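Structural characterization, general
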Amino acid sequence: MTVCRMIQPETLEEALEALAGERAMACAGATNLYVDRRHGKYLDFDYVSLEHLTELRGIRREADGWHIGSMTSFSELERCGIPFAGALVTAASQVGGPQIRNRGTVGGNIISASPAADSVPPLLALDAVLRLVKAGGISREVALKDFMKGPGRTDLRHGELLAEVILPHKSGRSVFYKAGKRNALAISLCSCAVYMEERQGAVGEIAVALGSVAPTAVRAQRTEKVLAGARPGDLCGRKLAGPGKGGPAKLAVGLAASAPACPAESAFRERLRAALMEDIAPIADIRATAEYRRRIAFRMVLHNVAELWRCFE
């Protein structure tokens, strides 16, 4: 019989001491842990509950940016009020159902290191930095883009705990789109977050991050270089349709079906497509083919940038 313990510390210091144990793991909302245990994982671990640690909850503005506690739920993120984090708000609103959004946490979503984690592309696009703490007053900061190492693998070291996510102050706007088999309670087939600043009628600073198209969520740095300095006319010769009735699932089907076949497609868009294909490495699985994900990813980038242009008009 497998025996495990649930440890319920009342302070962060107590939690970090417990996590120093040989087979101890942090337990946040437990929405993934329940599923993992049913598949035979982590059965003989001691679970360190973070439920009572109020210092890991909440969102606050400080001089260096916005600090989001790792135990902040998706429901709280939906109401975060961070002016440039529209992508994060949208992503949070599309996680699971209401029960999952009330229990699931941003920290747990990051640590799970799923390529399809909904909150990670927006956080990548917003240059998120993670603060990791350890017993003895030890702490370090690491950029989220350097933290993800592969499916289910991160740079989290033994005894460490993700304390908070820091978003540096920004002046632009961001949007997020997720394609799934249905409008809710669906794992992402492809997701895309774009942050953009407009400068004199052209793209200024821009960040593009995608999920479900590589072993981890990724920043599309080649794509960003092509987009920098672009003007609205470079991006699409015709207006892209908005989401319309049916939400993300309908948009996913529509974008794939309406991929342009016009031979006059601009050289700019060809360069953009080529850059994006170098940035991503989708696989085929039970949810979608690799080719479908490639097409969706390109159309989502175009759509999200077009949405941001409308915000700046």
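Remember, it's a predicted structure, so these values are computed and weren't measured experimentally.

Let us now look at the nonpolar core. Of all hydrophobic cores here, the largest spans 38 residues; its most connected members are Ile110, Leu123, Leu144 and Leu167. In terms of nonpolar packing, the next biggest core, distinct from the first, is built from 31 residues, Tyr177, Met196, Ala230 and Ala297 among them.

Moving on, we come to the sheet that holds strand β14 (residues 218-219). An order of β11-β12-β13-β14 is seen for the four strands of this open sheet, with the pairing classed as antiparallel. Bordering the open sheet on either side are β11 (173-179) and β14, each of which pairs with just one other strand. The pairing of strand β13 (residues 202-211) with β14 spans two bridges and is antiparallel. Residue Ala209 lies in a different strand from β14, and its bridge partner there is Arg219. In the packing of helix α4 (residues 86-93) onto the sheet, the strands contacted are β11 and β12 (190-199), and the crossing angle to β11 comes to about 30°.

One pass over the full model with this rule turns up zero aromatic pairs. The aromatic ring of Tyr195 is capped on one face by Lys170, whose charged end is 4.9 Å from the ring centroid.

A surface patch of like charges, here negative, comprises Glu10, Glu13, Glu14, Glu17 and Glu55. Looking at where Glu13 falls in the secondary structure, it is placed in helix α1 (residues 12-19).

By the definition in use, this model includes 23 salt bridges. Among the salt bridges present, the one from Glu78 reaches Arg101, with a minimum N-O distance of 3.4 Å. Of this pair, Glu78 sits in the loop between α3 (74-77) and α4 while Arg101 sits in helix α5 (residues 98-103), and the two are 23 residues apart along the sequence. Here Arg222 ties to Asp279 by a salt bridge, and the two come within 3.2 Å at their closest N and O atoms. With Arg222 in helix α9 (residues 221-227) and Asp279 in helix α12 (residues 267-279), this pair connects stretches of sequence that are 57 residues apart. Take Arg222: its relative accessible area is 42%, and that puts it in the partly exposed class. Since its relative accessible area comes to 11%, Asp279 is described here as buried. Through salt bridges with shared partners, one network takes in Asp127, Lys170, Glu205, Arg219 and Glu224.

Below, the discussion takes up the pairing of strand β5 (residues 65-69). Within β5, five of the five residues are buried, which leaves it mostly tucked inside the rest of the structure. Bridging between strand β4 (residues 59-62) and β5 involves four bridges; their strand directions are antiparallel. Bridge pairing in β5 places Arg60 opposite His67. Connecting β4 to the antiparallel partner β5 that follows it, the hairpin turn spans two residues. Pairing of β5 with strand β10 (residues 161-167), which is carried by four bridges, proceeds in the antiparallel orientation.

Mean pLDDT over the protein stands at 88; residues scoring 70 or higher make up 89%. Ignoring residues within four places in sequence, the model shows residues 238-259, a span with pLDDT below 50, making 41 contacts including any to other chains.

With that settled, consider the sheet that holds β10. The strand order across the open sheet built from five strands is β4-β5-β10-β6-β7, with neighbouring strands paired in antiparallel fashion. Two strands close off the open sheet at either side, each with one partner strand: β4 and β7 (138-143). Between one strand axis and the next, the sheet turns by 25° as a mean value, whatever way the strands run.

Here we take up the packing of α12 against helix α13 (residues 290-312). One can describe the packing of α12 onto α13 by two numbers: an axis separation of 10 Å at closest approach and a directional angle of 125°. As summarised for this structure, α12 and α13 are arranged oblique, according to the angle between their axes. Note that α12 runs across α13; the crossing there is right-handed. Between α12 and α13, the residues in contact are Arg269, Leu272, Arg273, Leu276 and Met277 and Arg294, Ala297, Phe298, Arg299, Val301 and Leu302, respectively.

A word on the environment of Gln99. Here Gln99 shows up in helix α5. In the structure, Gln99 is positioned 68 residues away from Thr31 in sequence and 9.6 Å away in space, judged by C-alpha atoms.

The next subject is the side chain of Ser212. Among the structural elements, Ser212 can be located in the loop between β13 and β14. Within polar-contact distance, the side chain of Ser212 engages the backbone oxygen of Ser188 at 3.1 Å. Once you skip the residues sitting within four places of it in the chain, Ser212 turns out to touch Pro115, Ala116, Ser188, Leu189, Cys190 and Arg293.

Here is what the cut-offs are and how they apply
- Residues numbered from 1 in each chain as written.
- Predicted model: local features only at pLDDT ≥ 70, side-chain atom pairs only at ≥ 80, totals over all residues.
- Heavy atoms only, no water.
- Core = buried A, V, L, I, M, F, W, Y, C linked by side-chain atoms within 4.5 Å.
- Buried < 20%, exposed > 50% of the residue type's maximum accessible area, 1.4 Å probe, protein only.
- Pairing = 2+ DSSP bridges.
- Helix = DSSP H or I, 4+ residues; strand = E, 2+ residues; numbered from the N terminus.
- Contact = heavy atoms within 4.5 Å.
- Axes fitted to C-alpha atoms, helices over the stretch in contact; angles between N-to-C directions.
- Phe/Tyr/Trp six-rings, centres within 6.5 Å; stacked < 30°, edge-to-face > 60°.
- Lys NZ or Arg CZ within 6 Å of the ring centre and 35° of its normal.
- Patch = residues over 30% accessible without salt bridge, like charges linked within 9 Å, V, L, I, M, F, W, Y side chains within 5 Å.
- Areas by Shrake-Rupley, 256 points an atom, 1.4 Å probe, with all protein chains shown as cover.
- Salt bridge = Lys/Arg side-chain N within 4 Å of Asp/Glu carboxyl O.
- Lys, Arg positive; Asp, Glu negative; His and termini not counted.
- Charge placed at Lys NZ, Arg CZ, Asp CG, Glu CD.
- pLDDT = per-residue confidence, 0-100.
- Parallel < 35°, antiparallel > 145°, perpendicular 65-115°, else oblique.
- Left-handed = near helix turned anticlockwise from the far one by under 90°.
- Polar contact = N/O pair within 3.5 Å; in protein donor to acceptor, adjacent residues only side chain to side chain.

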